[in-house]
Amino acid sequence: MTTFRMPADEAEARAVQDALRARVVLDEPGPPPGTGRVTGVDVAYDDGRDLVVAAAVVLDAATLEVVAESTAEGTVTFPYVPGLLAFRELPAVLSALEGLPVDPGLVVCDGYGRAHPRRFGLASHLGVLTGLPVIGVAKNPFTFRHEEPGPRRGDTAPLLDGDEEVGRALRTREAVKPVFVSVGHRTTLDNACAHTLALARDFRQPETTRRADALCRSALREAVGGRPGAGPGSVAD
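Because the structure is predicted, anything quoted here is derived from the model rather than measured.

Analysis parameters
- Residues numbered from 1 in each chain as written.
- Predicted model: local features only at pLDDT ≥ 70, side-chain atom pairs only at ≥ 80, totals over all residues.
- Heavy atoms only, no water.
- Buried < 20%, exposed > 50% of the residue type's maximum accessible area, 1.4 Å probe, protein only.
- Helix = DSSP H or I, 4+ residues; strand = E, 2+ residues; numbered from the N terminus.
- Pairing = 2+ DSSP bridges.
- Right-handed = clockwise from strand over helix to strand, strands pointing away.

1. Points about the pairing of strand β4 (residues 106–109)
Next, step 1: Here β4 shows two buried faces, one formed by Leu106 and Val108 and the other by Val107 and Cys109.
Next, step 2: In terms of strand pairing, β4 meets strand β5 (residues 134–138) through three bridges, oriented parallel. The residue bridging Val107 from the neighbouring strand is Val134, located in β5.
Next, step 3: In the classification by handedness, the crossover that spans β4, the intervening helix α3 (residues 122–130) and the parallel β5 is right-handed.

2. Things to note about the pairing of strand β8 (residues 164–170)
Across a regular strand the side chains alternate sides, sitting on one face of the sheet and then on the other.
Next, step 1: With respect to burial, β8 is a largely interior element, five of its seven residues being buried.
Next, step 2: Inspection of the sheet shows strand β7 (residues 156–161) paired to β8 by six bridges, in the antiparallel sense. What sits directly across from Leu159, in β8, is Gly167.
Next, step 3: Count of turn residues in the β7/β8 antiparallel hairpin: two residues, of which Gly162 carries a positive phi of about 65°.
Next, step 4: The pairing of β8 with strand β9 (residues 179–185) spans three bridges and is antiparallel. Paired with Leu170 across the two strands is Val179, which belongs to β9.

Now the structure itself:
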């Protein structure tokens, strides 16, 4: 079981990120797109109950059919702080991954890896703790600037912090706004973008994210369904 020590406060959390950042592996290409397994992870919250539910959905990378899935429920014990979301989400995500009956292969997070102020977002943190190849595919660019990529599927533009490319804006659907791809651990940015395109065949987001998002929201509804005050408004975005 992967161990996770919850920091006492924001300062300690940032220190943990700074300490673990040196363990990120950036010189491995990662598995080829369209081969093996890929796993999406995502979380849903009920803030009124400090409840978080994580989902892990394993897909066959060639067919995008579901191979296995797992959910895990936990209690939120760290406050919402931009840049420190990993400390709210990782305990439940790790439990969901550990509940899988198969090796997850490459893991895709709905979030950031190197495209993070301390170059250590959720995708990097998860990769270092598990040793798995991980990429981040986010819906928004966080704090970094970018030019608009071309209108065609596969067009990209660098996501920049000063002159440093920390990720890429990637167009997965023609004339639809891009997603934002960054390396987490044990893969390259080129490969991360290729995986994202291979997984986003019919929609803007990769199928891993779509499936994991649907599963964690469904599991959250079930978790709060029998509790006082439960209702549609309790499912957090």
